[in-house]
Structures are given as structure tokens and as C-alpha cells.
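Coordinate inspection notes
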Protein chains: 2
Amino acid sequence: MSEYYLGIDLGGTKILTGLGDGEGNILASSRRDTQAEMGEKHVINNIFKTVEDVLKKAGIATGHIKALGIGSPGPLDIKNGIIVENSNLPWKKVHIVEIIENKFNIKTVLENDANAAALAEKWFGAGRDVDDMVYLTISTGIGGGSVIKKELFSGYSNNACEIGHTVIDPNGPLCGCGNHGCLESFASGKSISRMAKEAVKSKQSDLILELADGDMDKIDAAVCAEAARKGDKTAAEIFSTTGFYLGIGLGNVVNIFNPQLIVLGGGVMKASDLFLDKALEVMHQNALDASLSVLEVKKAELGDKIGLMGALAVAMKERLIKNG
Amino acid sequence: MSEYYLGIDLGGTKILTGLGDGEGNILASSRRDTQAEMGEKHVINNIFKTVEDVLKKAGIATGHIKALGIGSPGPLDIKNGIIVENSNLPWKKVHIVEIIENKFNIKTVLENDANAAALAEKWFGAGRDVDDMVYLTISTGIGGGSVIKKELFSGYSNNACEIGHTVIDPNGPLCGCGNHGCLESFASGKSISRMAKEAVKSKQSDLILELADGDMDKIDAAVCAEAARKGDKTAAEIFSTTGFYLGIGLGNVVNIFNPQLIVLGGGVMKASDLFLDKALEVMHQNALDASLSVLEVKKAELGDKIGLMGALAVAMKERLIKNG
């Protein structure tokens, strides 16, 4: 008989829940707005509804579900199944694993979204053929997850691989974490948006503002990329700067992890034509030859499915290692 | 019957070989100058002599030795047992494992010295009670080794944990590896010596030069420490700067590895009273609370024995994991 798994990709704006088989095929999915503004109970009720919806669509009873995985932004207390905090959700210390297990009687596992995505790319994406890899997501922030000998490297209290919050220049910009000069403050969607806004304010670029319909709040990495592609030199320089610092970060990853593969994902990678060459050039200048000689760098393959596939990979963890 | 192991601490100036029992007690040891200037064959012959000497002292035949470990500076090709290069030794691509195995018919394992030291501190030193730790040696350079779930984390080609060569400020000083702003270029014995020499040249400190007998070449971290302890403000500032950058590096280690323990060793730690408080303060400012809350930082416990104990730990690796 087939084994079934559930995955919940829990985001600040949407909840995406899917049912997968033992091979990682998605058999059914359900999506709802998180409606964070309506409070904790409402969000949890929305989670319940997506699960019920998926089971109904697929015609599968809860008794046939082997495990359920949740991918969520941190900080998390994974051991105790608690979402400690989430800046996009209206809650603190939510015992999400207990809540789900009590409702559906399905073994439930919580994992942070970057680690979940790393697992998904390892088992179903660009990392299929390797045992040692580092996944970096370059989106609003920068998150990371590392797979060592097929297993997630979680650290002693499940907080390892915060590569976005390693300092690469103590005199750098203020980061959301309170430090100065984290990789995230130099090479994320947020930092591209910050640099683009600064360029507009200092009159170095009109096109960026124009493409944002004259609205400073609409300036983001996508707008800046559009400006760069339309020939705006300042916008192009912003991506070149981003590539330089990302390259420093990648070089550090190579020298620390000596991985077989680095997988790069996240929304900002849609503009990778504008910064990736630079990043790889700087990485090659910075990292040690002995590690570079065995390294591959690939783009993530799972695209928009990565959140859900990550949650499913978390649910399937034990099976994947056993079979893979 | 007891199990016996041999360890060879292979350095640029001395070779230290020891015989240990299954509990890591050193039963006999032999030390010789490496005599690197006399060439490869001579060095290898010196290694042979220390092994023969140790066996003779202990009255043990080679047949009773379970394994032999070698701790050596890199770069190494561990899989094939080759010392690729060593700036302090007159050789390139020395098949050291094959050479030793052919001579003594003992199973031989090569490991880089920082990893070997990490293993030694894990099994016999400050890390005795933990499963996840990072060892940093702060000496002329900065080396690192990481133990995850009791096992050495080696990376895909045994070059992981080059923490000394992670960039913490791309505008920083030139490092021996060719990059700018590696941790090693900011917080090692070499960098202390460089800063102390600069201070003397720019007339900011007379005492440093005085304590070096007026000889610029004698200015090193120990001389600078002596000056700082005698009240030289510039020397004290050099150590404070060192502490600042070491703290940045430690914060990055915490955010990446989320270890249970960081062990700090190496010669420069003899002056830890002059920089460690600062380093820990900066680390606490920089690292994420979730990881700091489970972290301990300890000084290495094995002192001058660490090289030999490291080589023995490499030889005993399998036994240690099985029993411990």
C-alpha cells in the first residue's frame, strides 16, 4: 500500500498544504490566505481547513497519513514543536505540533523554512545526486540550510546555518537582526530595495522611481532589476554590488562547509542574470582551491513549489534517508 | 589484551611521536627536530626513528599497534594519504601514509592538524562531555575543526572548517591566502605581530621594540602581550582590536554551527587575558540569542600535548566513537 504524507507551507500571507506520496509527487493541494490580521485562532482554523480540504480532494482518511511536515519561518523551538515568534504572524509561542497532532492524530514535525527547502532541493531538486550540499535562499532576507551526509545539519538547538546573519563587514549597513554588515544587509532583496531607494533619493536614477509608478514604497528588487535591464546604470551597479557581497558570502560558505554543491534559490534569483556571474567570480577569488575544485553551484530547481516540497520533505525525512 | 595506538605530530620544526593505550594515556614518546632543511628523505628517516624509538622504549612490537595517526598542516589529500604541500617542509605530494604503512605495516590515517586537535579536545579535553563542538586554534594563523554528533565534520573533500580564511571585511589587510580581510588577517599571531610592528614604525610604542631587544624581527604576539601587561597602551589596543575581530569571527561560528561548545586553543591564547573578554562581548552582540543560549566557550585543556593527542585521537577515531 502507498504511503501518504502531508506538508504545510506556513507563510505570512498564504498557507499552502499538500498531500504527497512516498515518491514526493503532489497528489492534491489547498491554498488559503493566512489572514494573519484576524488573529491566532483564525490562522490555525485556516490551517485546519487546508488539511481537511486536501484530504477530501484526494479521498484519503487521516489514518493513511504517515506524517505531516510544517515549514515555517523562525525562530522555532523545533524539539518542542513551538513557533516561538514570527514577525508576519500574530502569535508568540504557538505549540503548533501539539495543536495539529491533537486535531488530526498525525505525527507532525516542524522545521524552519530554509532547512525544509534545503531538504526539498536535496531529495527532489538540484541536489538529487549529492550527499553534501548547502542551500541558500536569496529573497527578502537570506536563509540557509545544509545537508551533510544526506541529513540536515541542524546544530545543537536547531539554529545552525544562519548564513544570512554572518558578518562580512562590521562597518556595513544595519541588518534587521540588529547587527551591522551581515550578508543579508548586503546581498538580499531588502538590501537591493534599500540601495535602489537611496539611488532615487540622491537623484542617481529616475527610471527606478518611474518603474515604481512614482511610489517609493513600491521600489523592490524586481523593480530595480527591470530598471537595470532597461539600461539604468545605477540599477545595474546595485546588482553588481549585490553580486560582489554575495560572492564574499559564498566564498565563506565554501571555506567552511567544503560542500559538493551549493544550490541558490529564492525570489531574487529571478534576476540572477544581473549578479550571479559577479558573485561566482568573487567566490572563486576568495575560496580555497582545494574546496573549489570539487564544488558545483546550481540554481534551485523547485521554483514556487519549494515551500510545499520542503514541508513534505520534512514529513518524509526518515523514509528518504532509509530509501535514498 | 590492551590496544595500542601511535600518533605522529608532524611539525615544521619538530616531530613528536607517541604511543597511547586505548584510553588515550601516553605510554611513551619521542621527539626529534624535523631538520626540514636536510630534505625529504632525511625528514622521513627522522619520522621512522621516532617511531622505532617509541616502540623500543615501550617494549611493544609493531604487530600490537592497532593504528597510527598523523597530524600535519595542510593542504592534504586525506583520502589518498598525501601531504600535498607544506610551507615549512621541503616537500610536495608526499605519499606519507603509503610510506609509513610500507615501513611498519600499521594501518595509518592522515588528518590536518586543526581537525586532529579538535578531535583531541573532544575526546580528551574541554569537549569531553559534548557531542557538537567547534575548535579554534589561534596561533600564528587561525585554524578550525568541527565535531558534529561526535564525528569530525570534514566536508566533501576534507577541507571544511577553514574558519581562519572566512572574510570578515573585504577591505581588510592582505592575508597569507591572497585574500583581503580573512579572520586570520585580523585576529591571529601574525596580525598581532603586524600591528605591533606598525606601531613601532609609526612611533606609537617604544616599549614593544625595547622588549624585542630592539630587533623588529623579534616582535611577535608574546612580545606585544608583555608590553601590554607592562602598561603600553598601544599594545593593549592591539589586543583589544584582536578581540573585536575574533568576536566577529566567533559570532559567525555561532550563527553557522550553533554548537554546544566552542573550544579556543593555540599559542596566542596564552595572552587571552588581554583579548578574550572583548571577543566574548562582541560575539554576544553579534550572534543570535537562540544559539547563544545553549553555547559554552572554554579554553582548550590539552596545552602543548594537543598535537600528539590529536594524532593519537586520529588513530583511535573508530574506537572512540564506538566506545563513547
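Residues numbered from 1 in each chain as written. Chains lettered and ligands numbered in written order. Predicted model: local features only at pLDDT ≥ 70, side-chain atom pairs only at ≥ 80, totals over all residues. Heavy atoms only, no water.

Residues and elements named next belong to chain A. The complete set of buried residues in helix H7 (residues 221-229) reads Ala-221, Val-223, Cys-224, Ala-225, Ala-227 and Ala-228. The secondary structure elements touched by the buried residues of H7 are helix H5 (189-201), helix H6 (207-211) and helix H8 (233-257). For H7, the side-chain oxygen to backbone nitrogen distance between the N-cap and Ala-222 is 3.2 Å, and the N-cap itself is Asp-220. One or two residues past the end of H7 sits Gly-231, with phi positive at roughly 100 degrees. (Buried < 20%, exposed > 50% of the residue type's maximum accessible area, 1.4 Å probe, protein only. Helix = DSSP H or I, 4+ residues; strand = E, 2+ residues; numbered from the N terminus. Contact = heavy atoms within 4.5 Å. Polar contact = N/O pair within 3.5 Å; in protein donor to acceptor, adjacent residues only side chain to side chain.)

Here we come to the interface of chain A and chain B. With 40 residues of chain A at the contact, the number on the chain B side is 40 residues. Summed over both sides, the interface between chain A and chain B buries roughly 3,200 Å², with carbon and sulfur atoms accounting for 57% of that surface. Applying the counting criterion to the chain A and chain B interface returns 0 salt bridges. The interface formed by chain A and chain B contains 24 residue pairs in polar contact (both at pLDDT 80 or more). (Buried area = accessible area lost by both parts, 1.4 Å probe. Salt bridge = Lys/Arg side-chain N within 4 Å of Asp/Glu carboxyl O.)

With that settled, the discussion passes to the packing of helix H7 (residues 221-229) of chain B against helix H8 (residues 233-257) of chain B. Residues and elements named next belong to chain B. Two numbers describe how H7 lies on H8: the axes approach to 7 Å, and their chain directions differ by 120 degrees. Classified by the interaxial angle, the pair formed by H7 and H8 is oblique. When the axes of H7 and H8 are compared, the crossing they make is left-handed. Side by side, H7 and H8 meet where Ala-221, Cys-224, Ala-225, Ala-227 and Ala-228 of the first sit next to Ala-235, Ala-236, Ile-238 and Phe-239 of the second. Here the contact of H7 with H8 is composed, by residue class, of 9 nonpolar, no polar and no charged. (Axes fitted to C-alpha atoms, helices over the stretch in contact; angles between N-to-C directions. Parallel < 35°, antiparallel > 145°, perpendicular 65-115°, else oblique. Left-handed = near helix turned anticlockwise from the far one by under 90°. Nonpolar A, V, L, I, M, F, W, Y, C, P; charged D, E, K, R; others polar.)

Let's shift gears to the sheet that holds strand S2 (residues 14-21) of chain A. Residues and elements named next belong to chain A. Strands sit in the order S3-S2-S1-S4-S8 across an open sheet of 5 strands; the sheet is mixed. Looking at the sheet topology across the chains shown, the edges are occupied by strand S3 (26-33) and strand S8 (108-112). Each neighbouring strand pair of the sheet contributes to a mean axis angle of 15 degrees, computed without reference to strand direction. Pairing geometry for S2 and S3, over 7 bridges, is antiparallel. Bridging from a neighbouring strand, Ile-15 pairs with Arg-32 of S3. (Pairing = 2+ DSSP bridges.)

Moving on, we come to the packing of aromatic side chains. Think of a pair of aromatic rings as described by two things: how far the centres are apart, and how the planes are tilted against each other in angle. A full pass over the atoms with the stated rule returns 11 aromatic pairs over all chains. The interplanar angle of 85 degrees and the centroid separation of 5.0 Å between the aromatic rings of Phe-244 of chain A and Tyr-245 of chain A together place this pair among those described as edge-to-face. Assessed through its relative accessible area of 28%, Phe-244 of chain A is described here as partly exposed. What makes Tyr-245 of chain A buried here is its relative accessible area of 14%. Seen from their ring centres, Phe-257 of chain A and Phe-257 of chain B are 6.3 Å apart, and the 25 degrees between their planes marks the pair as stacked. (Phe/Tyr/Trp six-rings, centres within 6.5 Å; stacked < 30°, edge-to-face > 60°.)

For the rest of this paragraph, the subject is unusual backbone geometry. Here the amide bond leading from Gly-74 of chain A into Pro-75 of chain A is cis, since omega sits at -5 degrees, within 30 degrees of zero. Position of Pro-75 of chain A among the secondary structure elements: in the loop between strand S4 (65-72) and strand S5 (76-77). At Gln-35 of chain B, a residue that is not glycine, the phi angle is positive and equals roughly 55 degrees. Along the polypeptide, Gln-35 of chain B turns up in the loop between strand S3 (26-33) and helix H1 (40-58). In this structure, Cys-161 of chain B takes a positive phi of about 70 degrees despite not being glycine. If you trace the backbone, Cys-161 of chain B turns up in the loop between strand S11 (151-152) and helix H4 (183-187). Residue classification places Cys-161 of chain B among the buried positions, given a relative accessible area of 1%.

Residues and elements named next belong to chain A. The final tally for this structure, using the stated rule, is 24 salt bridges over all chains. A salt bridge links Glu-23 to Arg-319; the shortest N-O distance between them is 3.1 Å. Residue Glu-23 is found in the loop between S2 and S3, and its partner Arg-319 is found in helix H11 (residues 306-323); the two are separated by 296 residues along the sequence. Its salt-bridge partner being Arg-128, residue Glu-301 comes within 3.4 Å of it at the nearest N-O pair. With Glu-301 in the loop between strand S13 (296-299) and H11 and Arg-128 in the loop between helix H3 (113-124) and strand S9 (133-138), the pair connects residues that are 173 residues apart, well separated along the chain. The partly exposed category is assigned to Arg-128, whose relative accessible area is 47%. Shared partners join several salt bridges into a network, and the residues in it are Glu-3, Glu-23, Lys-66 and Arg-319.

Before going further, it helps to examine the sheet that holds strand S2 (residues 14-21) of chain B. All names here are of chain B. Pairing is mixed in the open sheet, where 5 strands are placed in the order S3-S2-S1-S4-S8. Each edge of the open sheet is held by one strand with a lone partner, namely S3 and strand S8 (108-112). Across the sheet, the mean angle from the axis of one strand to that of its neighbour is 15 degrees, orientation sign disregarded. Summarising the sheet, strand S4 (residues 65-72) and S8 pair through 5 bridges and their orientation is parallel. The partner of Gly-69 across the bridge, within S8, is Val-109. Packed on one face of the sheet, H1 meets strand S1 (4-10), S2, S3 and S4 and runs near 150 degrees to S3. Seen against the sheet, helix H3 (residues 113-124) touches S4 and S8 and runs at an angle of roughly 100 degrees to S8.

What follows covers the domain arrangement of chain A. Residue and element names in this part refer to chain A. Its domain assignment divides chain A into domain 1 (4-119 + 305-323) and domain 2 (126-300). Facing the 11 residues of domain 1 at the interface are 13 residues of domain 2. When the buried surface of domain 1 facing domain 2 is broken down by residue, Asn-115, Ala-118 and Ile-321 rank first, second and third, together holding 44% of it. Put simply, domain 1 and domain 2 have 0 salt bridges between them. Scanning the region where domain 1 abuts domain 2 turns up 0 residue pairs in polar contact (both at pLDDT 80 or more). Listing elements by their share of the side of domain 1 that touches domain 2, those giving two or more residues are H3 and H11. Ranked by the residues each element gives to the side of domain 1 that touches domain 2, the list is headed by H3, at 5 residues. Residue classes in the side of domain 1 that touches domain 2 are distributed as 8 nonpolar, 1 polar and 2 charged. (Domains from an automatic or database assignment.)

This part is about the relation of the copies chain A and chain B. Note on the identical chains: chain A maps onto chain B by a rotation of 180 degrees and an axial translation of 0.0 Å, with an RMSD of 0.0 Å. The superposition of one copy onto the other is thereby described by a two-fold rotation axis. Most of the interface of chain A is mirrored in chain B, where 100% of its interface residues again form contacts. (Least-squares fit on C-alpha atoms with pLDDT ≥ 70 in both.)

So, on to the nonpolar core. Core analysis: the biggest nonpolar cluster contains 109 residues, and Ile-163, Ile-208 and Phe-257 of chain A together with Ile-163, Ile-208 and Phe-257 of chain B have the highest contact counts within it. Setting aside its immediate chain neighbours within four residues, Phe-257 of chain B contacts Phe-153, Gly-155, Tyr-156, Ala-160 and Ile-256 of chain A together with Val-134, Ser-146, Phe-153, Cys-161 and Ile-163 of chain B. (Core = buried A, V, L, I, M, F, W, Y, C linked by side-chain atoms within 4.5 Å.)

This part takes up the environment of Thr-13 of chain B. Residue and element names in this part refer to chain B. Here Thr-13 lies in the loop between S1 and S2. A sequence separation of 19 residues divides Thr-13 from Arg-32, and the C-alpha atoms of the two residues are 8.7 Å apart. When residues no more than four places from it in sequence are discounted, the contact partners of Thr-13 are Arg-32, Asp-33 and Thr-34.

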